[in-house]
Amino acid sequence: MRSLLFTREELLRHEAVLRRMLAQAPVFVFLTDRELRFLATAGSELAAPGLELEGKSLLDVLGAGEEPSSVLAAHYRALSGEPARYDTEWSHRTFEVRVEPAFDEEGASSGTIGIAFDVTGQRQEEEELRTSAERLRTLLETTSDAIYLKDADGRWLEANDAGLQLFHLSRAGYQGLTDVELASLSDFFREALLACYSSDQRTWAAGQVTRQEEAIPQPGASPRVVEVTKVPLYHPNGQRKGLVVLGRDITLRRMAEQERDRLLLQEKEARAAAEVARRRSEFLSSASRVLADSLDYDATLATVARLGLPFLGEWCAVDLTGEDPRVARAAMAHADPSKEPGAKRLEACVPDLEAPGGIAEVIRSRRPLVLTALAGEEGILALCDHGRAHLDVVRELGLRSGLSVPLVARGRTMGALTFASVHPDRYQDEDVRLAEDLAWRAALALDNARLYRESQEAIQARDEFLSIASHELRTPITALRLGIQRLFRLARGGAEPPWKTVATSLEGIERQGRRLTLLINSLMDVSRLQSHHIQLDLEEVDLSEVVRDVVAQLGGVLARTHTPLVLRADAPVVGRWDRSRLEQVVTNLLDNAIKYGARAPIEVTVALEDGTAVLTLGDRGIGISPDRLPFIFGRFERAVSSRHYGGLGLGLYIVRQIVELHGGTIHVESIPGQGSTFTVRLPLSFSPG
Ligand code: ADP
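Residues numbered from 1 in each chain as written. Predicted model: local features only at pLDDT ≥ 70, side-chain atom pairs only at ≥ 80, totals over all residues. Heavy atoms only, no water.

**Some words on the packing of helix 8 (residues 251–292) against helix 13 (residues 429–492)**
Phase 1 of the analysis: With their axes 10 Å apart at the nearest point, helix 8 and helix 13 run at an angle of 15° to one another. Relative to helix 13, the element helix 8 is oriented roughly parallel. Judged by the twist between their axes, the crossing of helix 8 over helix 13 is right-handed. Of the residues in helix 13, those in contact with Arg280, Phe283, Leu284, Ala287, Ser288 and Leu291 of helix 8 are Glu430, Asp431, Leu434, Asp437, Leu438, Arg441, Ala442 and Ala445.
Phase 2 of the analysis: Partitioning the contact of helix 8 with helix 13 into residue classes produces 8 nonpolar, 1 polar and 5 charged. (Axes fitted to C-alpha atoms, helices over the stretch in contact; angles between N-to-C directions. Helix = DSSP H or I, 4+ residues; strand = E, 2+ residues; numbered from the N terminus. Parallel < 35°, antiparallel > 145°, perpendicular 65-115°, else oblique. Left-handed = near helix turned anticlockwise from the far one by under 90°. Contact = heavy atoms within 4.5 Å. Nonpolar A, V, L, I, M, F, W, Y, C, P; charged D, E, K, R; others polar.)

**A short note on the pairing of strand 10 (residues 240–249)**
Phase 1 of the analysis: One ladder, built from 6 bridges, connects strand 6 (residues 146–151) with strand 10; its direction is antiparallel. The residue of strand 10 that forms the bridge with Ile147 is Leu246.
Phase 2 of the analysis: In sequence, strand 9 (residues 221–234) turns back onto strand 10 through a hairpin of 5 residues, with Gly238 there showing a positive phi of about 95°. (Pairing = 2+ DSSP bridges.)

**Quick notes on the domain arrangement of the protein chain**
Phase 1 of the analysis: According to the domain assignment, the protein chain contains domain 1 (17–125), domain 2 (143–249), domain 3 (294–456) and domain 4 (534–683).
Phase 2 of the analysis: The centre of domain 2, based on its C-alpha atoms, is set 109 Å off from the matching centre of domain 4. (Domains from an automatic or database assignment.)

**With respect to unusual backbone geometry**
Note: most peptide bonds trans; most residues except glycine with negative phi.
Phase 1 of the analysis: Here the residue pair Leu309 and Pro310 is connected by a cis peptide bond, since its omega of 0° sits within 30 degrees of zero.
Phase 2 of the analysis: Tracing the backbone shows Pro310 in the loop between helix 9 (297–307) and strand 11 (315–320).
Phase 3 of the analysis: Within the chain, His562 stands out as a residue other than glycine whose phi angle is a positive 55°.
Phase 4 of the analysis: Residue position: His562 is located in the loop between helix 16 (555–560) and strand 17 (565–568).
Phase 5 of the analysis: A positive phi is found at Asp610, a non-glycine position, where the angle reads about 50°.
Phase 6 of the analysis: Structurally, the position occupied by Asp610 is in the loop between strand 19 (602–609) and strand 20 (612–618).
Phase 7 of the analysis: By relative accessible area, which is 82% here, Asp610 ends up exposed. (Buried < 20%, exposed > 50% of the residue type's maximum accessible area, 1.4 Å probe, protein only.)

**A short note on the sheet that holds strand 1 (residues 27–33)**
Phase 1 of the analysis: Strand order across the open sheet formed by 5 strands is 2-1-5-4-3, with antiparallel pairing between neighbours. The sheet is open, and its two edges are formed by strand 2 (38–43) and strand 3 (84–90), each paired on a single side. Strand-to-strand twist across the sheet, computed as the mean angle between neighbouring axes with direction ignored, equals 25°.
Phase 2 of the analysis: As defined by bridge partners, strand 1 adjoins strand 2 across 5 bridges and the pair is classed as antiparallel. Bridge assignment links Val29 to a residue of strand 2, and that residue is Ala42.
Phase 3 of the analysis: On the sheet, helix 3 (residues 68–79) packs against strand 1, strand 3, strand 4 (93–103) and strand 5 (109–118) and is oriented at approximately 145° with respect to strand 3.
Phase 4 of the analysis: Seen against the sheet, helix 4 (residues 120–142) touches strand 3, strand 4 and strand 5 and runs at an angle of roughly 120° to strand 4.

**Digging into the site of the ligand**
Phase 1 of the analysis: Near the ligand lie 20 residues; those nearest to it are Asn592, Tyr596, Asp619, Arg638 and Leu652.
Phase 2 of the analysis: A distance of 3.4 Å is found between an oxygen atom of the ligand and a backbone nitrogen or oxygen belonging to Val640.
Phase 3 of the analysis: For the ligand, whose unbound accessible area comes to 530 Å², protein coverage reaches 97%.
Phase 4 of the analysis: Of all elements in the fold, only helix 17 (579–595), helix 18 (651–661) and strand 22 (675–683) reach the threshold of two or more residues within the shell around the ligand.
Phase 5 of the analysis: In terms of residue class, the shell around the ligand is built from 10 nonpolar, 6 polar and 4 charged. (Near = heavy atom within 4 Å. Polar contact = N/O pair within 3.5 Å; in protein donor to acceptor, adjacent residues only side chain to side chain. Areas by Shrake-Rupley, 256 points an atom, 1.4 Å probe, with all protein chains shown as cover.)

**Examining the pattern of salt bridges**
Phase 1 of the analysis: Scanning the model with the defined rule gives 54 salt bridges in all.
Phase 2 of the analysis: We note a salt bridge from Asp153 to Arg155, for which the minimum N-O separation is 3.1 Å.
Phase 3 of the analysis: Among the residues examined, Asp153 registers a relative accessible area of 53% and is labelled exposed.
Phase 4 of the analysis: Among the charged side chains, a salt-bridge network with shared partners connects Arg85, Asp87, Glu96, Arg98, Arg123 and Glu126. (Salt bridge = Lys/Arg side-chain N within 4 Å of Asp/Glu carboxyl O.)

**Notes on the UniProt feature "domain: PAC" (unreviewed entry) in the protein chain**
Phase 1 of the analysis: If you check UniProt for "domain: PAC" (unreviewed entry), the listed places come out as residues 79–131 and 210–262 in our numbering.
Phase 2 of the analysis: The span residues 79–131 is 25% helix and 53% strand, and its two end C-alpha atoms sit 36 Å from each other.
Phase 3 of the analysis: Span residues 210–262 is 23% helix and 62% strand, its end C-alpha atoms 29 Å apart. (UniProt positions renumbered as here; feature names shortened; annotations may be inferred.)

**What about the environment of Val668?**
Phase 1 of the analysis: Position of Val668 among the secondary structure elements: in strand 21 (residues 665–671).
Phase 2 of the analysis: C-alpha separation for the pair Val668 and Thr679, spaced 11 residues apart in sequence, amounts to 6.2 Å.
Phase 3 of the analysis: In contact with Val668, other than residues within four places in its own chain, are Ile624, Leu629, Ile632, Phe633, Thr677 and Phe678.

**Quick notes on the packing of aromatic side chains**
Phase 1 of the analysis: Within this structure, the stated rule accounts for 12 aromatic pairs.
Phase 2 of the analysis: Considering the side-chain rings of Phe188 and Phe189, the 5.0 Å spacing of their centres and the 75° angle between planes classify their relative orientation as edge-to-face.
Phase 3 of the analysis: By relative accessible area, which is 40% here, Phe188 ends up partly exposed.
Phase 4 of the analysis: Aromatic pair Trp204 and Tyr234: ring centres 5.5 Å apart, planes at 80°, arrangement edge-to-face. Residue Trp204 is found in helix 7 (residues 190–206), and its partner Tyr234 is found in strand 9; the two are separated by 30 residues along the sequence.
Phase 5 of the analysis: Using a relative accessible area of 34% as the deciding quantity, one classes Tyr234 as partly exposed.
Phase 6 of the analysis: Of the aromatic side chains, those joined through ring pairs into one cluster are Tyr148, Trp156, Phe167, Tyr174, Phe188 and Phe189.
Phase 7 of the analysis: Geometry around Tyr297 places Arg453 over its ring, the cationic atom sitting 4.5 Å from the centre. (Phe/Tyr/Trp six-rings, centres within 6.5 Å; stacked < 30°, edge-to-face > 60°. Lys NZ or Arg CZ within 6 Å of the ring centre and 35° of its normal.)

Written as structure tokens, this is what we have:
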């Protein structure tokens, strides 16, 4: 109605103004009827240069090659009352056309209104953006690193294939989810994804780029080690914008590093082992040198105890077996000389040979023993069955672990070499081997020293024997010569010799001759006995008769020495024996009883006890000191000084050998100053093996 107020000129002027306005704006407006014929157009020459559209149909003006369907579809949609849009090309430019429904004055659909904008620049920018986005994606996909973009709330915006593959995620369905939400979707990666969340929080808390290594488990394969860099992004106002996460798979690098480390370690260990081996062989060769230095037994013992310290511990003991049921502590040492007096108190801490375990077991089994304190507070107490009694010393010295190895030389176990240390678990396999090597050398050195000592003693004994023997042989020879000279003098005197004197001289000569024969027989017997060349000549012999004969033979000596003798040998005691050897036994024992009997009565008894012949010879003479008693049956062993009593120290040795050849035994009981009793037991018949 308002238009009725305008004159036609006014309207034309308005239209001209509007058209000018539109011509200057970068838009082009057009109106079509329902058949899509252009009813009116207005707009920029720039937007639609030289375009005469009015009266033409939209279909006619659609450019060749243009896709008409999208254009028509948009217009049809507008005709149905819905706005629509499309892009169209014209004269090398791109236009975005927005189409709206047009209505007549009654409000009924009358066609379409189109407004076209020149969007050439905008579209080019969009295209460029799209191209650069595609390049970016190509870049993302061609890198083997995992890349993730997350928003400020930790939602995954974008991840490349490598990133998705790390968590076995598919391209569809991850966007917009947080780590926690993704974790709830996968049991396998749950932990790893929750760990991602926590590490994101640490990055945000740090407010700067963070780097860390994460191990992501992989189904059916070893975990992948990923070096993760997280870059927090902020808006200019400081608000969180998003998080860029870069993950570089360094599994192979780590494996290579591990392999390198392993090889390095191996090489280091090999070098250390070589160094240890070198030190050990140096130790052993210096030990051998030291051991070879001396042949003195006691010095070698002391050396053995010192040798292994401190290489094999702080304390060392050398324990040797002997006659005693208890092991003897032959030497002991401590690495710290100031602690040696304290350590001395362990001298008494030696085991009984039969004790279970400990050093006694090492000696019996010839096997090494290692004790560690881990099993108990004082690991070394178990070395000895008397260990607990020495707990205070062990504590004072702080000894906690122990190692004991057998001392074996030439197949003979001599004892044990034992080390102890203040460290609770000091001894390993290689220490055991080293200690065994050392013990082997030490045992050999000790055995050599022992043999050397024994050979020295033997040489000394031989020298002593030679001097005694020459003295023993010279005495009867001197007496013999004196007797002969006396006879010569009588014979040269020309007169009738006094026959009584002649007889006395001849008796003396006979006696000395007998003595010489006995001495020489003894010497020959000893060498025969030693080379086992004595043959027994067995026959029926009455021991009582043999004893009576010998007593009769020695009657002269008994008389001369005023020694009374009580003989109880009336009943015959018959067995199968070597008569002359039995005579030798009785003679030697009776000789000794006279020699050492101090002229006190001697009692000789022969009896039969339980089918065994028993000969007892008791005197009340000087007796034998208990410490010499075990030795008197040995070769050249004597319990008296040669200055006071003559003799070669062979009589009892020969007696025992003969008695044992007959399967018998000899036994002595003696109290110094009160006398000795020798008892010989002989089986009536015996078949020598
Ligand atoms: P010897 O030639 O020295 O007598 P024996 O072998 O006969 O040698 O005796 C060894 C040692 O035993 C003697 O040296 C002596 O010390 C001691 N002995 C032997 N018989 C007796 C005894 N009846 N009384 C005391 N000591 C004895």
